[in-house]
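Given next are the chains, with one letter for each unit.
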Amino acid sequence: MEIEKIYEPQRFEAHWAKWWVESGLYRADPSAPGPRFSIVIPPPNVTGSLHMGHMLDHTIMDAAVRWHRMSGDNTLWLPGVDHAGIATQIMVERMLAEQGISRKDIGREEFEKRVWEWKEKYGNRITDQMKQIGESVDWSRERFTMSPELSRAVIEAFVRLHERGLIYRGAYMVNWCPRCQTALSDLETVHQESQGHLWHIKYPITGTARFLTVATTRPETMLGDTAVAINARDSRYFDLHGKTVTLPLMNREIPIILDDLADPAFGSGAVKVTPAHDPNDFEVGQRHDLPRIQVIDGQARMQAEAGPYEGLDRFEARKRIVEDLEKLGLLEKVEAHTLSIGRCDRCKTIIEPLVSTQWFVKTKPLAEKALRAAEDGSIRFIPENWNATYNNWMTNIRDWCISRQLWWGHRIPAWHCGQCQGITVARSAPNACSHCGSDKLEQDSDVLDTWFSSSLWPFSTLGWPDETADLTTYYPTSVLITGFDILFFWVARMIMMGIELTGDVPFRQVHMHGLVRDAERQKMSKMKGNVIDPLDTTARFGTDAVRVSLLMGVAAGTDIVYTDEKLLAARGFANKIWNAARLVFLNMERSGVEPVVVEPGDIESLEDRWMFSQLHRTAETVSRAFENHRYHEAAETLWHFFWHDFCDWYLEMKKMRLAEGSGLTNDWRNLLGIFVASLRLLHPMMPFITEELWHRLGATDSISLQPYPKKGEIDEAAENEMNLLQKVITEARTQRANSNLGTKPLDGNLYADTSSFALLTSQAAVIHKLTNVNFTFHQKPVSAGFEMSLSVPEQDAAAKQARLMKEIAQHEKLVIDKDRQLNNEKFMQGAPPHVIESLRSKRAEYQAQIEKSRAALAGLE
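A.B. asks: Describe the overall build of the chain, naming the residues involved and giving the relevant values.
C.D. replies: The helix and strand tally for the chain stands at 27 helices and 28 strands. At 36 Å, the chain has a C-alpha radius of gyration far larger than the 29 Å of a compact globule built from 861 residues. Taking the principal axes of the C-alpha coordinates as reference, the chain spans close to 110 × 80 × 55 Å. When each of the 861 residues of the chain is scored for burial, the buried share is 52%. If you sum the accessible surface of the chain, you get close to 37800 Å²; carbon and sulfur atoms cover 48% of it.

A.B. asks: Explain helix 24 (residues 764-771) residue by residue, including any values.
C.D. replies: For helix 24, the complete set of buried residues consists of Val766, Ile767, Leu770 and Thr771. Here the buried residues of helix 24 occupy an arc of 105° about the axis, which is enough to place them on one side. Considering only its buried residues, helix 24 is in contact with helix 19 (631-654), helix 22 (716-738), strand 26 (746-752), helix 23 (754-762) and strand 27 (773-779). Directly beyond the C-terminal end of helix 24, a positive phi value near 60° is found at Asn772.

A.B. asks: How would you explain the environment of Thr59 if you had to name every residue and give the values?
C.D. replies: Within the secondary structure layout, Thr59 lies in helix 2 (residues 52-70). Residues Thr59 and Glu332 lie 273 residues apart in sequence; the distance between their C-alpha atoms is 59 Å. In this structure Thr59 touches Arg547, Leu550 and Leu551, once residues within four positions along its chain are discounted.

A.B. asks: Provide a residue-level description of the environment of Leu814, including the pertinent values.
C.D. replies: The topology assignment puts Leu814 in helix 25 (residues 794-822). What makes Leu814 partly exposed here is its relative accessible area of 34%. When the C-alpha atoms of Leu814 and Thr349 are compared, they prove to be 62 Å apart, with 465 residues separating the residues in sequence.

A.B. asks: Talk me through the environment of Leu550; I want residue IDs and the actual numbers.
C.D. replies: Mapped onto the secondary structure, Leu550 falls in helix 16 (residues 543-553). As for Leu550 and Val516, which are separated by 34 residues in sequence, their C-alpha atoms are 8.5 Å apart. When neighbours within four sequence positions are excluded, Leu550 is seen to be in contact with Met55, Leu56, Thr59, Val516, Ile560 and Tyr562.

A.B. asks: I'd love a proper account of the pattern of salt bridges, names of residues and values included.
C.D. replies: Following the criterion strictly, the structure yields 52 salt bridges and no others. Here Lys272 makes a salt bridge to Asp225, at a shortest N to O gap of 3.0 Å. Of the two residues, Lys272 sits in strand 12 (residues 270-273) while Asp225 sits in the loop between strand 8 (211-216) and strand 9 (227-230), which places them 47 residues apart along the sequence. Across the pair, Asp225 and Lys272 agree in class, each one buried. Note that Arg236 is salt-bridged to Asp234, the shortest N-O span being 2.8 Å.

A.B. asks: Tell me what's going on with the packing of helix 16 against helix 21 (residues 687-696), and back it up with residues and numbers.
C.D. replies: Close contact between helix 16 and helix 21 brings their axes to 7 Å; oriented N to C, the two are set at 130°. Taken together, the axis directions place helix 16 and helix 21 in an arrangement best described as oblique. Residues Thr543, Asp544 and Arg547 of helix 16 lie in contact with helix 21, whose contacting residues are Pro687, Phe688 and Ile689. Taken together, the residues of the contact of helix 16 with helix 21 break down into three nonpolar, one polar and two charged.

A.B. asks: Could you give an account of the pairing of strand 2 (residues 74-78), with specific residues and numbers?
C.D. replies: Among the five residues in strand 2, five count as buried, and that is most of the element. Burial of strand 2 is two-sided: the residues Asn74, Leu76 and Leu78 facing one way and the residues Thr75 and Trp77 facing the other way are all buried. Sheet topology note: the strand 1 (residues 36-40)/strand 2 ladder contains five bridges and is parallel. Considered in strand 2, the bridge of Phe37 is made with Thr75. In the classification by handedness, the crossover that spans strand 1, the intervening helix 2 and the parallel strand 2 is right-handed.

A.B. asks: Kindly report on the packing of aromatic side chains, identifying the contributing residues and their values.
C.D. replies: Scanning the entire structure with this criterion turns up 30 aromatic pairs. On the basis of an interplanar angle of 50° and a centroid distance of 6.5 Å, the ring pair of Tyr7 and Phe12 is categorised as tilted. A relative accessible area of 1% means that Tyr7 is categorised as buried. Residue classification places Phe12 among the buried residues on the basis of a relative accessible area of 4%.

A.B. asks: Can you explain unusual backbone geometry? Please cite residues and give values.
C.D. replies: A cis geometry characterises the amide bond from Ile382 onward to Pro383, with omega recorded as -5°. Along the chain, Tyr475 connects to Pro476 via a cis peptide bond; the corresponding omega equals -5°. Positionally, Pro476 belongs in the loop between helix 13 (469-474) and strand 22 (477-483). In this model, Ala300 sits at a positive phi of 65°, which is unusual for a non-glycine residue. Summarising the element assignment, Ala300 is placed in the loop between helix 7 (279-288) and helix 8 (314-327). You can call Ala300 buried: its relative accessible area is 3%. Non-glycine residue His629 carries a positive phi angle of around 60°. For His629, the location among the structural elements is in the loop between helix 18 (606-627) and helix 19. The exposure class assigned to His629 is buried, which follows from its relative accessible area of 7%.

A.B. asks: Go over the sheet that holds strand 16 (residues 400-401), please, and point to the residues and values.
C.D. replies: Pairing in this open sheet of four strands is antiparallel, and the strands run 6-5-14-16 from one edge to the other. Of all the strands in the sheet, the pair left with one neighbour each is strand 6 (182-184) and strand 16. The pairing of strand 14 (residues 352-361) with strand 16 spans two bridges and is classified as antiparallel. Among the inter-strand pairings, Val361 is bridged to a residue of strand 16, identified as Trp400.

A.B. asks: Mind laying out the side chain of His811, listing which residues take part and the relevant values?
C.D. replies: With respect to the secondary-structure elements, His811 resides in helix 25. A residue is classified by how much of its surface remains accessible, and His811, at 17% relative accessible area, is buried. Residues contacting His811, with those up to four places away along its chain left out, are Tyr846, Gln849 and Ile850.

A.B. asks: Run through the state of the cysteines, naming residues and quoting values.
C.D. replies: Summed over the entire model, instances satisfying the criterion amount to zero disulfides. Looking at Cys180, it has no disulfide partner, and the nearest cysteine sulfur is the one in Cys177, 3.7 Å off. Free cysteine Cys420: the closest other cysteine sulfur is in Cys436, separated by 3.6 Å.

A.B. asks: I'd love a proper account of the packing of helix 2 against helix 18, names of residues and values included.
C.D. replies: Closest axis-to-axis distance for the helix 2/helix 18 pair is 10 Å, and the angle between their directions is 120°. What the angle tells us is that helix 2 and helix 18 run oblique. Judged by the sense of rotation from one axis to the other, the crossing of helix 2 with helix 18 is left-handed. Residues Ala63, Ala64 and Trp67 of helix 2 pack against Ser623, Phe626 and Glu627 of helix 18. Per-class residue counts for the contact of helix 2 with helix 18 are four nonpolar, one polar and one charged.

A.B. asks: Give me helix 6 (residues 148-163): which residues, what numbers.
C.D. replies: When the terminal C-alpha atoms of helix 6 are compared, their 22 Å separation across 16 residues agrees well with the 22 Å that a helix rising 1.5 Å per residue should span. Just downstream of helix 6 lies Gly165, where phi reads positive at about 75°.

A.B. asks: Please provide a residue-by-residue account of the sheet that holds strand 22, values included.
C.D. replies: Spatially, 15-23-22 is the arrangement adopted by the three strands of the open sheet, whose pairing is parallel. Every interior strand has two partners, whereas the edge strands, strand 15 (380-382) and strand 22, have only one. Sheet twist, expressed as the mean angle between neighbouring strand axes with direction ignored, is 20°. When strand 15 meets strand 23 (residues 507-513), the two strands line up parallel, connected through three bridges. The residue bridging Phe381 from the neighbouring strand is Val510, located in strand 23.

The rules behind these values
Residues numbered from 1 in each chain as written. Predicted model: local features only at pLDDT ≥ 70, side-chain atom pairs only at ≥ 80, totals over all residues. Heavy atoms only, no water. Helix = DSSP H or I, 4+ residues; strand = E, 2+ residues; numbered from the N terminus. Rg over C-alpha atoms; globule rule 2.2 N^0.38 Å. Buried < 20%, exposed > 50% of the residue type's maximum accessible area, 1.4 Å probe, protein only. Areas by Shrake-Rupley, 256 points an atom, 1.4 Å probe, with all protein chains shown as cover. Arc of directions from axis to C-beta. Contact = heavy atoms within 4.5 Å. Salt bridge = Lys/Arg side-chain N within 4 Å of Asp/Glu carboxyl O. Axes fitted to C-alpha atoms, helices over the stretch in contact; angles between N-to-C directions. Parallel < 35°, antiparallel > 145°, perpendicular 65-115°, else oblique. Nonpolar A, V, L, I, M, F, W, Y, C, P; charged D, E, K, R; others polar. Pairing = 2+ DSSP bridges. Right-handed = clockwise from strand over helix to strand, strands pointing away. Phe/Tyr/Trp six-rings, centres within 6.5 Å; stacked < 30°, edge-to-face > 60°. Disulfide = S-S within 2.5 Å. Left-handed = near helix turned anticlockwise from the far one by under 90°. Expected span 1.5 Å × (residues − 1).

Below you can see the structure in the form of structure tokens.
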């Protein structure tokens, strides 16, 4: 029965985390009965380690999964990691660079081998951390996006989409990372506001002495200009329709075209058109059949088409070009300008828009089906306000560039013919070109975007394209729980791919939670230096405390502000549970009750009737909160139930019934029944401490496999009676506190009306025990059900009288001061309304305190 005095979660958390994994408790069985609940972990990068975003995500998922499992659902929680193409390649290239080696030195095959070796050595870090924080996943089904079975699914998906005309290859404008040497999707490009400049450059109008001024934020791209655009409705330039200008520095004649890209209200109203270096200009070039002249290469250096600037870095070229324009008198002015600069999400290099031949997914047909799924309720977003964001993005979606110029990833299953230049797409390496029959075939060197494979995650992990038992049973998955920041990166793409390739949505619900922010409400980032390591935090406060702190803050539509104060409060709650258990166990030993999990006995006493009623209400509220993804509500309800109902009231009353050497009485059965039910209620939120205490009660199985308490009979009569009793005890404690009487015994009179008298006299021992007031009971009509007065000792009354008179005098001075300001006409005319309102509010507070003190003084007299 011994239980340590100090709550130290570090003593037992590692044990249970290991036991949950090694025991295989959470292995799903597709043939098992019951409603099914399935969920997949958003796969973290194989290069990564847990951060607070993961901790929040995984805490919500684990709480939901444990609740569903205990509620009787056939539950699968499937784990896995993503191969993280760009991030992993960068990591391994850095490792090779330390040895003085580049990937090109060793070739593709050897490089891929080195990446696999790195993965085997370092790639389990985040998985081990997930085990450490006790995630109740089915580790037997752990998946990796580059494993053979998932790679097969990726190839199958590509081939099917290609056969349906939804994948194509072409030369289009892409975001290009000069550092990673690969194309990026719009979603892999992060935009940061930066202070830059707007250069106003004069283009000579051919055959005249006039100039057409254009404004640009990137002078280095002007070397590739193939037109200048003006707006057809801009009256300033009516006479320039059909004319040409001479491109400064290159002396190339280019046309003046009419296009709505030119905004008469911005800059000079004329814009340069560089189809090879700007996505909007690229579209203008297609509309007007303009040539594309690429002057910047994939390494962000100026190439031959840049003339005298060939070989310069793009930013060095910018500097030289501006200097040369000034010398020629063609730089009209330079203005400060705030602009949004795109950077590679992985290496933070400024991206370069380039025209490149890439593979694309045609997203419009896929998006139409995905939109219908949200409209007809096949998928539900929680909170619902995300519907509008989702609809807007899907309506305006662009085709998805899925090829990457990397060596680590799923090689595109396409072979180029050296004879006819045709392309053969196949599930396995073909022997001959499908167009001309030649055997001169070479596989495409590109790999697929990492998000392509992860878009298949909800069904590829269940065995698709085969009709496996897992796929039949657990797909569509029940819910996706994730942060809102990857709605378009991942969520929307999974919906599109799931519907297209399986005929059904990948999940029925999408719960979008907020982000974890620091105490100043800033987003956590390594650049800001405000990142918090969740494992450091769990080591300090305990994993359960971290979980509670996160769940208490995860209200729908809000971000979580993470502070040590909240963690200390959460640890205090865990400590409260531990101390309550210690009290129970010490009293069990004193009463001669062995560690045991028992069924409740007869429910007769007021505290038992009330507590079981509260238990049933709490079980109903918490279960409803879990069903509706209101995890903060579940956490707050459980906190109040255990701390206030169980500890502050029930346990204090029950201690009176536990006699030394009594054995397993009815009171003990009910106390243990409530305590065990409380542990089961708390388990999804606080798995470690509840598992530990459950086993301290002699259990050998896991509490996580016990049934979750369900709503039972509500005893409203007991709740009303207990409410009255609590009011009496609270009022006695308040009067004692107001009189500064500490805990000394007091006498008092308690007056109760007919409906309350019998109840209060029957609970006289409880009232005396919890107030240390020896009341004399009187039956008489009273307006509030009861009234009371405490007999204050004469010396205490004199001290209190002096204190009250001093307080009255202090507050009267404050009222006079506020009246002086409020009666000052000049002040009242100039003061803002909120200041005046604050003064009036303060005056009212001081006056109310005066009245309260006077009433207390009158009571003493």
